[in-house]
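Residue-level structural notes
These are the residues of each chain, in order.
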Amino acid sequence: MTTTFQSSAATSRQSVATSMRHDTVNALKTLDPSVDPDFTRLARLAARVFAAPVGLLALLDDDRLWIYARHGVGIEEASAENSMVASTVMSQDLPHLVVSDAPGDVRFSTDALVMGDPGARFYAGAPVVVHGQKIGALCVLSPEPRYTVEEGELAELADLARLAGSLFELKDEARVRARMAADLIKEEWRHALTLEAGKVGSWVWDLRSGEIVSNDILRQMFGLPAANPLHIDELMATIDPGDVEAVNNALGSTFEDGGDYSVEFRVAATGRWLIGRGRVYQRDGAGKPLVMMGVNIDVTDARAAAEQTRLLLRELNHRVKNTLAMIQSLARQTMRQKPDPQMFIDSFSGRLRTLSEAHALLSERDWSGINLVELIHSQIGPYLLNPLEQLVMIGEDVQLPPDHALGLGLVLHELASNAVKYGALSSARGRVTIGWSLFGDPTSRIEFTWKESGGPPVGQAPEAGFGMRLIHRSLDKVLDSSVSLSFPADGVEARIAMPLV
């Protein structure tokens, strides 16, 4: 039972050793022997020590011998069955293997190196060990048998084999380092390109010397030359004096409390706003900061957009407040003139729609104003029975400020609704001609006329109801404006004058 257990354990150890050797050999296969003559020199030196015509550095890989380096023979691989090289590798405690006459040795008479090229009879080999694993052998072969071998020859062969193992380890380590360096360079390039694409300035600050290493984007942000060494004093001198204290406070808090550095400041020369973010990455034994790393991001456009949004919200609040007051006034006045609920709804809803449409147009343009032609179409278009014939516009299009557009929109609505009830737009033959002229240098005033024709004859001027008062008062918020109405027999006329600023 004991013998069986020991045999099983030995088999297991042999299996593990074979697997580890296999992994090591596969890792070394990435080394190209054709461009590395060092191992060929070792094979030649080994052959010279024994005055033999053939020297080989062979690696054992599964059931094949991989001839990694050779002297005096051209083979690249051979079978590992009954192999002298394989026996050198697989024997655990064998420092070397010498075969005086292989064809007469029953263990190796069918070795591929004996039966084929180079027709070996004499063999001497020492194992090559890499990372603790026997992976192959450095060996010499001769087609003549040899029955005496000097101990000095075997010692030199063992030294050369150890040198081969050390060379494998060094070259493998160099390969790994080269790959890691290439990966690191690739990662650094990816990082640099990411920062460049995001327009992020990066920096590393040595607090002991005050020197700063940065990318070109950071230097551009601060208006600093690209070539000169950068010192913290030079960088701080570019910050707007009004923001220096905030920067120093943020740095002091980071140094003392260990929190992240975060601050916004302006560059004095350009007035552009930057965000600074950073962290202390190295301290001495006493906790004193040594190295700090961070980034800067230009947020000027974002701050401008935020400020614009705040201005728009304030303007919107102001406009909404004024509009609600106007709606309340319209509702009260309309109720006085139209106490009947249905008549009130019909009259008030039209005026409310006018304000709503004007507000919608202004909102689409961030309350910058409305073009006059667009305002006319929005207020009069719904009342036209024949749009191509009933509306004539004469004048160059112009943009109206918000208050002007709201007031004129109410005037146009009242004129159009009256024209539908009593005037030119009550029949398909009627026409409204709207003309305007610009005055001033630069053009600072507009005179606007409304003329109806083709409708029922106009009698005497109607009583001044709320609609009439609304026409006269809709432009009260526009200083230096005027509205006048006349009622010739051929159609109502309205004249409006107001500034454009």
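Residues numbered from 1 in each chain as written. Predicted model: local features only at pLDDT ≥ 70, side-chain atom pairs only at ≥ 80, totals over all residues. Heavy atoms only, no water.

What follows deals with the overall build of the chain. When helices and strands are tallied, the chain shows 14 helices and 19 strands. The buried share of the chain, taken over its 501 residues, is 40%. Of the contacts formed within the chain by residues at least 6 apart in sequence, a portion of 60% connects residues at least 24 apart. On the chain, roughly 27,000 Å² of surface is accessible, and the fraction owed to carbon and sulfur atoms is 55%. (Helix = DSSP H or I, 4+ residues; strand = E, 2+ residues; numbered from the N terminus. Buried < 20%, exposed > 50% of the residue type's maximum accessible area, 1.4 Å probe, protein only. Contact = heavy atoms within 4.5 Å. Areas by Shrake-Rupley, 256 points an atom, 1.4 Å probe, with all protein chains shown as cover.)

Assignment of secondary structure puts serine 83 in the loop between β3 (77-79) and α3 (84-90). Residue classification places serine 83 among the buried residues on the basis of a relative accessible area of 4%. In this structure the side chain of serine 83 is engaged in a polar contact, spanning 3.1 Å, whose partner is the backbone nitrogen of valine 85. (Polar contact = N/O pair within 3.5 Å; in protein donor to acceptor, adjacent residues only side chain to side chain.)

With that out of the way, let us pick up the sheet that holds strand β2 (residues 64-71). Spatial strand order, β3-β2-β1-β6-β5-β4: six strands in an open sheet with antiparallel pairing. Each edge of the open sheet carries a strand with a single partner, namely β3 and β4 (97-99). For this sheet the average axis-to-axis angle between neighbouring strands, irrespective of direction, equals 25°. Bridge count for strand β5 (residues 122-130) against strand β6 (residues 133-142) is nine bridges, and the pairing is antiparallel. Residue valine 129 lies in a different strand from β6, and its bridge partner there is lysine 134. Helix α2 (residues 38-49) rests against β1 (54-61), β2 and β6 of the sheet, and its axis sits at about 80° to β2. (Pairing = 2+ DSSP bridges. Axes fitted to C-alpha atoms, helices over the stretch in contact; angles between N-to-C directions.)

On to the packing of aromatic side chains, then. Applying the stated rule across the entire model yields nine aromatic pairs. Arranged with centres 5.2 Å apart and planes meeting at 85°, the rings of tryptophan 66 and tyrosine 68 form a pair that is edge-to-face. For tryptophan 66, a relative accessible area of 21% puts it in the partly exposed group. Their ring planes at 75° and their centres at 6.4 Å tell us that tryptophan 203 and tyrosine 261 sit as a pair that is edge-to-face. Placement of tryptophan 203 in strand β7 (residues 200-206) and of tyrosine 261 in strand β10 (residues 261-266) is noted, with a sequence separation of 58 residues between them. Across the pair, exposure class does not vary: tryptophan 203 and tyrosine 261 are buried alike. Among the aromatic residues, those joined into a cluster by ring pairs are Phe39, Trp66, Tyr68 and Phe168. Lying across the ring of tryptophan 273, arginine 303 places its NZ or CZ 3.6 Å from the centre. (Phe/Tyr/Trp six-rings, centres within 6.5 Å; stacked < 30°, edge-to-face > 60°. Lys NZ or Arg CZ within 6 Å of the ring centre and 35° of its normal.)

Leu372, Ile376, Leu400, Leu408, Ile434 and Trp450 are the most contacted members of the largest nonpolar core, which totals 34 residues. When contributions to this core are tallied by element, the ones reaching two or more residues are α11 (372-380), α13 (402-422), β16 (431-439), β17 (445-453), β18 (482-486) and β19 (493-499). Take this core: its biggest share by element is seven residues, from α13. Apart from the residues lying within four places of it in its own chain, the contact partners of isoleucine 376 are Gly381, Leu391, Met393, Leu412, Ile434, Trp436 and Phe448. (Core = buried A, V, L, I, M, F, W, Y, C linked by side-chain atoms within 4.5 Å.)

The pairing of strand β14 (residues 391-394) with β16 spans four bridges and is classified as parallel. Bridge pairing links methionine 393 to isoleucine 434 in β16. Bridge analysis of β16 against β17 gives nine bridges, and the strand direction is antiparallel. Looking across to β17, one finds that threonine 433 is bridged to lysine 451.

Attention now moves to a nonpolar patch on the surface. Together, Val204, Val213, Tyr281 and Met293 line one region of the surface with nonpolar side chains, adding up to about 380 Å² of accessible area. Its place among the elements puts tyrosine 281 in strand β11 (residues 273-283). Since its relative accessible area comes to 51%, tyrosine 281 is described here as exposed. (Patch = residues over 30% accessible without salt bridge, like charges linked within 9 Å, V, L, I, M, F, W, Y side chains within 5 Å. Salt bridge = Lys/Arg side-chain N within 4 Å of Asp/Glu carboxyl O.)

Summarising the element assignment, histidine 404 is placed in helix α13. A relative accessible area of 6% means that histidine 404 is categorised as buried. Here proline 499 takes part through its backbone oxygen, which lies 3.0 Å from a polar atom of the side chain of histidine 404. In contact with histidine 404, not counting residues within four places along its chain, are Leu475, Val478, Met498, Pro499, Leu500 and Val501.

The two faces of β10 differ: Tyr261, Val263 and Phe265 on one face are buried, but Ser262, Glu264 and Arg266 on the other face are not. Bridge count for β10 against β11 is six bridges, and the pairing is antiparallel. Along β11, the bridge assignment pairs arginine 266 with tryptophan 273. Where β10 folds back onto β11 in an antiparallel hairpin, the turn is made up of six residues, including glycine 271, whose phi is positive at roughly 75°.

Let us now look at the pattern of salt bridges. According to the stated counting rule, one finds 18 salt bridges in the structure shown. A salt bridge links arginine 107 to aspartate 105; the shortest N-O distance between them is 2.8 Å. Of the residues examined, arginine 107 reaches a relative accessible area of 46% and is grouped as partly exposed. Aspartate 105 sits in the buried class, given a relative accessible area of 16%. Of the charged contacts in the structure, one is a salt bridge between arginine 266 and aspartate 240, with a shortest N-O distance of 3.6 Å.

Sheet architecture is open: five strands sit in the order β14-β16-β17-β19-β18, paired in mixed fashion. At either end of the open sheet lies a strand with only one pairing partner, and these are β14 and β18. On average, each strand axis in the sheet is tilted by 10° relative to the strand beside it, whichever way the strands run. Across seven bridges, the pairing between β17 and β19 is antiparallel. The residue of β19 that forms the bridge with tryptophan 450 is alanine 494. Sitting on the sheet, α13 is in contact with β17, β18 and β19, with an inclination near 10° to β17.

Scope: geometric values only; no functional claims are made or implied.
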